[in-house]
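# Working through the structure, step by step
Take a look at the letters that make up each chain.
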Amino acid sequence: TSFSFDALQRIKPRPYNAEEMPVRVVDIDDPSLEKLGQWPWPRTLMADLIERLTKAGAVVIAFDGMLAEPDRTSPSAVAEQIPSVAADPVLKERLSGLPDNDKILADTIKRSPMVLGFTPTNKETSRLPPRPSGTPALSGNDPRPVLEPWNGAITNLEVLDKAAIGLGSITTEFGRDNTIRGVPLFFRIKDMLYPSLAAETLRIAQPEMRNRSYIIKTASGSGERDFGAGVDFVVVRIGQIEALTDRVGNLLLYDSGPKPERFIPAADVLSPDFDPQRVADMVVFIGSTAAGL
């Protein structure tokens, strides 16, 4: 039961050793916002952050957020927004000719091991969901019948999605009591399977997997049966990692609790004296603990 599951996690949380666990969260926290400005940051600043992490040797960088709208601080956007500039043809032309912030970010993403997110939705959307990186191989029957289908997805700007090496869903499934006990590894959008941000990040973190896809093992493929159908998830194989799942493909969490040493303020990464060893050979998620974000 949920009560027993939660009680066991509190009694004996997962052991955590920062030196042995190669995952860090670059946190867009309140002090970083105070130092670097309110959110959303200019895409040029995001590009600087990603470039710093790439040069420091991060194995993969995943952004746990959305960049769905054009940057309002791009020179061409500023030229339209400020009346005095818009009324000056010469100044407007000069600003419009400067590099676009979203293009600068896209160029940085192309040079980085970058995974971006998308959000499945049942609302009407003009954007098609991003294509999955590869069709998962199946060991057993097709598991799509056990997944609730979504109609589409809210995506990032197309120029950013095309630049990323991987794409995964940032949606999280909550229990009835608003508690997260597992991480979905796959989502069904219309009739296609898409990985979660966590699954896609783990795939890209293994260089030999960047041109390969997942293996999904269902009940029939493991010799088990589920009401004669054998469509339940049993195992998801991501390169060298085998993840045991529940019937709908959730990896149950064994929680360590909050660990401050797992987090690095984004402002630290952008400071001149940042030690690259703090993220070298690490899996890095860019996220936020700031109030309101």
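Quick summary incoming for the structure in this document. (Residues numbered from 1 in each chain as written. Predicted model: local features only at pLDDT ≥ 70, side-chain atom pairs only at ≥ 80, totals over all residues. Heavy atoms only, no water.)

## Digging into helix 1 (residues 2–11)
Residues Asp6, Ala7 and Gln9 constitute the buried set of helix 1. For helix 1, the angular spread of buried residues about the axis comes to 160°, placing them on one side. Exposed residues pointing more than 90 degrees away from the buried face of helix 1 are listed as Leu8 and Ile11. (Buried < 20%, exposed > 50% of the residue type's maximum accessible area, 1.4 Å probe, protein only. Helix = DSSP H or I, 4+ residues; strand = E, 2+ residues; numbered from the N terminus. Arc of directions from axis to C-beta.)

## Here we look at the sheet that holds strand 4 (residues 137–139)
Pairing within the open sheet is mixed, and its four strands lie in the order 4-11-12-13. One side of each edge strand has no neighbouring strand; the edge strands of this open sheet are strand 4 and strand 13 (241–244). For this sheet the average axis-to-axis angle between neighbouring strands, irrespective of direction, equals 20°. Note: strand 11 (residues 215–218) against strand 12 (residues 233–238), four bridges, orientation antiparallel. Paired with Ile216 across the two strands is Val236, which belongs to strand 12. (Pairing = 2+ DSSP bridges. Axes fitted to C-alpha atoms, helices over the stretch in contact; angles between N-to-C directions.)

## Concerning the sheet that holds strand 5 (residues 149–150)
Pairing is mixed in the open sheet, where three strands are placed in the order 5-9-10. In this open sheet, the two strands that pair with only one neighbour each are strand 5 and strand 10 (192–195). For strand 5 and strand 9 (residues 186–189), the ladder comprises two bridges, and the chain directions are parallel. Following the sheet pairing, Trp150 is matched in strand 9 by Ile189.

## What about the pairing of strand 10?
The pairing of strand 9 with strand 10 spans four bridges and is antiparallel. Paired with Arg188 across the strands is Leu193, a residue of strand 10. Counted between consecutive antiparallel strands, the loop separating strand 9 from strand 10 contains two residues, among which Lys190 sits at a positive phi close to 55°.

## Side note on the packing of aromatic side chains
If you walk through the whole model with that rule in mind, you get three aromatic pairs. Seen in terms of ring centroids, Phe118 and Tyr194 are 5.7 Å apart; in terms of plane orientation they differ by 75°. Their pairing is edge-to-face. Here Phe118, found in strand 3 (residues 114–121), pairs with Tyr194, found in strand 10; they are 76 residues apart in sequence, far enough to count as distant. Each member of the pair, Phe118 together with Tyr194, is buried. Ring geometry for Phe186 versus Tyr214: centroids 5.0 Å apart, planes at 85°, classification edge-to-face. Pair noted here: Phe186 is in strand 9 and Tyr214 is in the loop between helix 9 (197–204) and strand 11, with a separation of 28 residues, a long-range link. Taken individually, Phe186 and Tyr214 each receive the classification buried, so the pair is uniform in this respect. Stacked on the ring of Tyr16, the Lys or Arg Arg262 has its end atom at 4.6 Å from the ring centre. (Phe/Tyr/Trp six-rings, centres within 6.5 Å; stacked < 30°, edge-to-face > 60°. Lys NZ or Arg CZ within 6 Å of the ring centre and 35° of its normal.)

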